[in-house]
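Fold and contact review
What follows is each chain in one-letter form.
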Amino acid sequence: MNARRILLVILFSLSVGLLSVLGFWQLDRAEQKRERYENFLERHQSSELRLENSVPQVDLKWRKAVLRGSYEDINLLLDNRVYMKQSGYEVLTPFKLNDGNAVLVNRGWVSNRGSRDFVPSISVKPQILEIKGYFGPPPVVGVRFFGHEKAELTEKLGDGIIRIQKIDPSTLGYVSNGKSLLKEVFYLEGSQVGALKVDRKLPGSGSEKHEAYATQWFSMAAILAFIGLWNLLRKKAPDE
């Protein structure tokens, strides 16, 4: 075997190995996503929590719950939220429990009627009530402009109505008002008091995408291995 063939064998072997590693990496990512999804299902399908006088010392993420308390007279409008090709906001309102803790409730979507000057009517009558929904992470949306001050990312549109670009500690300071604010957001069911346009899809596992990528990498590795083996085993030409 001459030097050129040896070099080709090394290159083909390294390429096939690299493609195979990428394939196994995608399979590992798929397994991680499946485990995460199974954890989500276990939490979301577990017994409903009831939060009234105290917050249980458990991981609240994806847990269904009933909250008893009252809405606060302040609303955050999360900007740049589109529904059915219409621009608008997601409305988040703090809900105060009896123990002084507050939960930021995502009440759903509301239209801005095509104008950023329009202020939607989203107030809720102050009263003690129970609401149903589930806990989840804050929406990962919004923009942040480097070098801009916090005030430029929040705009007061009226009494108790603040437009925000992102949910983070700086914007949450506007609604905490000395109360202990839970880090999870409560996603309100559509039939509950205070609900606006609610049309949410629960997350899937996402493992199928990684399995498809793994299939692509393994297919490329197999094709490359076949080409390399064919070139290695074929008869030498007279001039070789």
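Before going into details, it helps to say that this report is about the structure given with it. As the structure is a prediction and not an experimental result, all values here were calculated from the model.

So, the packing of aromatic side chains
Under the definition given, this model contains six aromatic pairs. Their ring planes at 85° and their centres at 5.1 Å tell us that Tyr71 and Phe95 sit as a pair that is edge-to-face. With a gap of 24 residues between them, Tyr71 in strand 2 (residues 64-71) and Phe95 in strand 4 (residues 86-97) connect regions that are remote in the sequence. Taken together, a centroid distance of 5.3 Å and an interplanar angle of 45° make the contact between Tyr83 and Trp109 tilted. Taken together, the residues span a long stretch of sequence, with Tyr83 in strand 3 (residues 75-83) and Trp109 in strand 5 (residues 101-111) at a distance of 26 residues. Chaining the aromatic ring pairs together yields one cluster made of Trp62, Tyr134 and Tyr187. Above the plane of the ring of Tyr71 lies Arg107, whose end atom (NZ or CZ) is 5.8 Å from the centre.

Quick word on the side chain of Gln192
Along the chain, the position of Gln192 falls in the loop between strand 9 (180-188) and helix 3 (207-233). Judged by its relative accessible area of 16%, Gln192 falls in the buried class. For Gln192, the side chain forms a polar contact with the side chain of Ser191, separated by 3.2 Å. Excluding anything up to four places from it in sequence, Gln192 contacts Glu130, Ile131 and Lys132.

As for the pattern of salt bridges
For the coordinates displayed, the defined rule picks out 10 salt bridges. Ionic pairing is found between Glu130 and Arg50, a salt bridge with its closest N-O pair at 2.1 Å. Pair noted here: Glu130 is in strand 6 (residues 129-136) and Arg50 is in strand 1 (residues 49-51), with a separation of 80 residues, a long-range link. With a relative accessible area of 34%, Glu130 lands in the partly exposed category. Overall, the relative accessible area of 48% leaves Arg50 in the partly exposed class.

Some details on unusual backbone geometry
Notably, Asn80 is not glycine yet its phi reads approximately 60°, a positive angle. Position of Asn80 among the secondary structure elements: in strand 3. Exposure remark for Asn80: the relative accessible area of 49% places this residue in the partly exposed category. Positioned with a positive phi, Arg113 is a non-glycine residue whose angle comes to about 55°. Counting through the fold element by element, Arg113 comes out in the loop between strand 5 and strand 6.

Cut-offs applied
Residues numbered from 1 in each chain as written. Predicted model: local features only at pLDDT ≥ 70, side-chain atom pairs only at ≥ 80, totals over all residues. Heavy atoms only, no water. Phe/Tyr/Trp six-rings, centres within 6.5 Å; stacked < 30°, edge-to-face > 60°. Helix = DSSP H or I, 4+ residues; strand = E, 2+ residues; numbered from the N terminus. Lys NZ or Arg CZ within 6 Å of the ring centre and 35° of its normal. Buried < 20%, exposed > 50% of the residue type's maximum accessible area, 1.4 Å probe, protein only. Polar contact = N/O pair within 3.5 Å; in protein donor to acceptor, adjacent residues only side chain to side chain. Contact = heavy atoms within 4.5 Å. Salt bridge = Lys/Arg side-chain N within 4 Å of Asp/Glu carboxyl O.

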